[in-house]
Amino acid sequence: MSALLPTLRAPDDRVALRYDDRTLSHRELAGACAAHLARLADHGVQPGDRVGVWTHPGLETAVALAAHAAGGLVSVPLNPKLGPRELGHILSDAAPRRVVAADPANLADATPGAIAIRVEPGPGALPDPADPSSPALVLYTSGTTGPPKGAVITRRNIAFDLDALAAAWEQTPEDTVVHALPLFHVHGLVLGLFGALRAGGALRWLGRFDPAEAAAALAAGGPTLLFGVPTMYHRLADAAEADPTIARDLAAARLLISGSAGLPVREHRRVEAVAGRGVLERYGLTETLINCSVRASTGPRPGTVGPPLDGVELRLVNDAREAVHSTDGTLAEIAVRGPHVFDGYLNRPDATAAVSDADGWFYTGDLATRDADGAIRIVGRRATDLIKTGGFKVGAGEVEAALLEDPGVAEVAVVGLPDDDLGERIVAFVVARAGAAPSADALADRVASELTPHKRPREVRFVDALPRNAMGKVVKPRLVAAERER
Ligand code: MLC
Ligand code: AMP
């Protein structure tokens, strides 16, 4: 059976991981992974078991996630900033056998009995590679309503998608991927960590995003690839316009790659103007990993996410889910099929059935057009109740439910409004209860503490009434349209 991370089985002494000034070679990483797996086995963890992983920035987190991928376990990454409501949901839904953390003492209340991850060589070898059809990850992702759903991602999904991306980006073992993304989502974890290792190269994980640091890491020697969300490229362009050193460092990258949300053409142009090189865009979802990418061989194509990856079937469909063949600018939903499409949502056959069909097509909810040369242009989303802010997906319903718990809130509608930095910023339109005067900051803090902070409204607007249709349903597009006219 082929291994998901082959270099861990034939390791050498080149750098595999770097965090701050700590590095691990492929050989040291393989040893640390084997030791971690042996320690978990002592705690009764068997291949196929789900293990929660607190994803605090640090080498420990990366080692545990690589070890689980190589050792046949199923990682359930946990964002260290999860609110109690979300954490409770994930722990009861995924029911991990154990939880691991770099510093479990600090998490004794949240996940009692968590096992410490140690980065140290130990006896033992990696077990034989797990079946490619076995789950490797359960990644929680927000929907329009209700709590986040756990997308079950298999080893085959990951291996297929990473190989297609490596071909698209002409990745080699010489490459160092640089990123400052969290390791609890596809972008930082699958592409960033697993992608760098599967290609036989290195990951330099920055843990938190700072434009000058990210740029400096690109110029630190050897071919480098930067993975970032559009907000990061926006902030890099700002920083590089103000500081020629940052512009020079940015220009040192072999490839600048953006995804998780649309990169406006304006930002493409700014990066190109200041760094003398453009950004390649790729498009994906938690449930399908990456579907499309602009190829390294063609160079940047601002405004498009490129054609489907090799081996990915993509079609545009109308409301009846019938294929639309035109390239005349007709707006349609993207459906994809292939070995990269997930196994379904954990414990949610209903939700899985709603996004897929019997022929294996997955319906993304993203609206797009196709250029004559096959490149896809993403132009919108079916659901106004899904917001992409800073590259994070947030369901409006989750935020509304948290706000409605405030005694001062009578009604609320949460929408994403266009934002130069975040792509969309979360805005809550609130009707206060008669006689109550809730403060905008207190409402934002409520969401930030009950849910993850990135789900907090960046703006709260108090209104007398929400726009409703004849059925009494709130008409969110009217709130968004009113903003465009402001
Ligand atoms: C702010 N903070 C608060 C708070 N307000 N904490 C408590 N209460 C409040 N009211 C804290 C935050 O926790 C954080 O802490 C700090 O203040 C700043 O938070 P922020 O303002 O939310 O951060 P921001 O600068 O806006 O972050 C921008 C960003 C981030 C780009 C760095 O959005 C990001 O990391 N995005 C990556 C998203 C991603 O990986 N998406 C991949 C999805 S996969 P502290 O301690 O952190 O400073 C996918 C598939 C695909 O989509 O195609 O890739
Ligand atoms: P997530 O559930 O967090 O994985 O988010 C997936 C969603 O991110 C997709 O359905 C798209 O709406 C959006 N997305 C990802 N990459 C891009 C991109 N390059 N351009 C536009 N939208 C994107």
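What you see is a predicted model; the values in this text were computed from it and never measured.

**Examining the site of ligand 2**
Here comes step 1: With respect to spatial proximity, 15 residues lie near ligand 2, and among them Arg282, Thr286, Asp366, Lys388 and Lys393 are the closest.
Here comes step 2: Within the backbone of Ser260, an N or O atom sits 3.2 Å from a nitrogen atom of ligand 2.
Here comes step 3: One of the backbone nitrogen or oxygen atoms of Gly262 is found 3.3 Å away from a nitrogen atom of ligand 2.
Here comes step 4: Its free accessible area being 500 Å², ligand 2 has 92% of it covered by the protein chains.
Here comes step 5: Residues that form the shell around ligand 2 fall into these classes: five nonpolar, five polar and five charged.

**Observations concerning the packing of helix α7 (residues 230–242) against helix α9 (residues 265–275)**
Here comes step 1: α9 packs onto α7 with a crossing angle of 35° between their chain directions and a minimal axis gap of 9 Å. As α7 packs across α9, the resulting crossing turns out to be left-handed. Here Tyr233, His234, Ala237, Asp238, Ala240 and Glu241 of α7 lie close against α9, whose contacting residues are Glu267, Arg270, Val271 and Val274.
Here comes step 2: When the residues that make up the contact of α7 with α9 are grouped by side-chain class, the tally is five nonpolar, one polar and four charged.

**Quick word on the sheet that holds strand β17 (residues 332–337)**
Here comes step 1: Pairing in this open sheet of five strands is antiparallel, and the strands run β16-β15-β17-β18-β19 from one edge to the other. In this open sheet, the two edge strands, each paired with only one partner strand, are β16 (323–324) and β19 (376–381).
Here comes step 2: Pairing between strand β18 (residues 362–370) and β19: five bridges, direction antiparallel. Following the sheet pairing, Thr369 is matched in β19 by Arg377.

**Let's talk about the domain arrangement of the protein chain**
Here comes step 1: As assigned here, the protein chain comprises domain 1 (6–208), domain 2 (279–381) and domain 3 (390–485).
Here comes step 2: The tally of links from domain 1 across to domain 2 stands at ten residue pairs in polar contact (both at pLDDT 80 or more).
Here comes step 3: For the side of domain 1 that touches domain 2, the leading source of residues is helix α4 (residues 155–169), giving nine residues.
Here comes step 4: For the side of domain 1 that touches domain 2, the class distribution of residues is 16 nonpolar, six polar and six charged.

**Description of the pattern of salt bridges**
Here comes step 1: Applying the stated criterion across every chain, the model contains 37 salt bridges.
Here comes step 2: Notably, a salt bridge pairs Arg301 with Asp371, separated by 3.4 Å at the nearest N-O pair. Residue Arg301 is found in the loop between β14 (289–293) and β15 (313–317), and its partner Asp371 is found in the loop between β18 and β19; the two are separated by 70 residues along the sequence.
Here comes step 3: Two residues, Glu333 and Arg382, come together in a salt bridge whose shortest N-O distance is 2.6 Å. Here the residue Glu333 occupies a position in strand β17, and Arg382 occupies one in the loop between β19 and β20 (386–389), the gap between them amounting to 49 residues.
Here comes step 4: For Glu333, a relative accessible area of 6% gives the class buried.
Here comes step 5: You can call Arg382 partly exposed: its relative accessible area is 42%.
Here comes step 6: Ionic contacts of the salt-bridge type, sharing partners, join the residues Asp238, Glu241, Arg266, Glu267, Arg270 and Asp420 into one network.

Here is what the cut-offs are and how they apply
- Residues numbered from 1 in each chain as written.
- Chains lettered and ligands numbered in written order.
- Predicted model: local features only at pLDDT ≥ 70, side-chain atom pairs only at ≥ 80, totals over all residues.
- Heavy atoms only, no water.
- Near = heavy atom within 4 Å.
- Polar contact = N/O pair within 3.5 Å; in protein donor to acceptor, adjacent residues only side chain to side chain.
- Areas by Shrake-Rupley, 256 points an atom, 1.4 Å probe, with all protein chains shown as cover.
- Nonpolar A, V, L, I, M, F, W, Y, C, P; charged D, E, K, R; others polar.
- Axes fitted to C-alpha atoms, helices over the stretch in contact; angles between N-to-C directions.
- Helix = DSSP H or I, 4+ residues; strand = E, 2+ residues; numbered from the N terminus.
- Left-handed = near helix turned anticlockwise from the far one by under 90°.
- Contact = heavy atoms within 4.5 Å.
- Pairing = 2+ DSSP bridges.
- Domains from an automatic or database assignment.
- Salt bridge = Lys/Arg side-chain N within 4 Å of Asp/Glu carboxyl O.
- Buried < 20%, exposed > 50% of the residue type's maximum accessible area, 1.4 Å probe, protein only.

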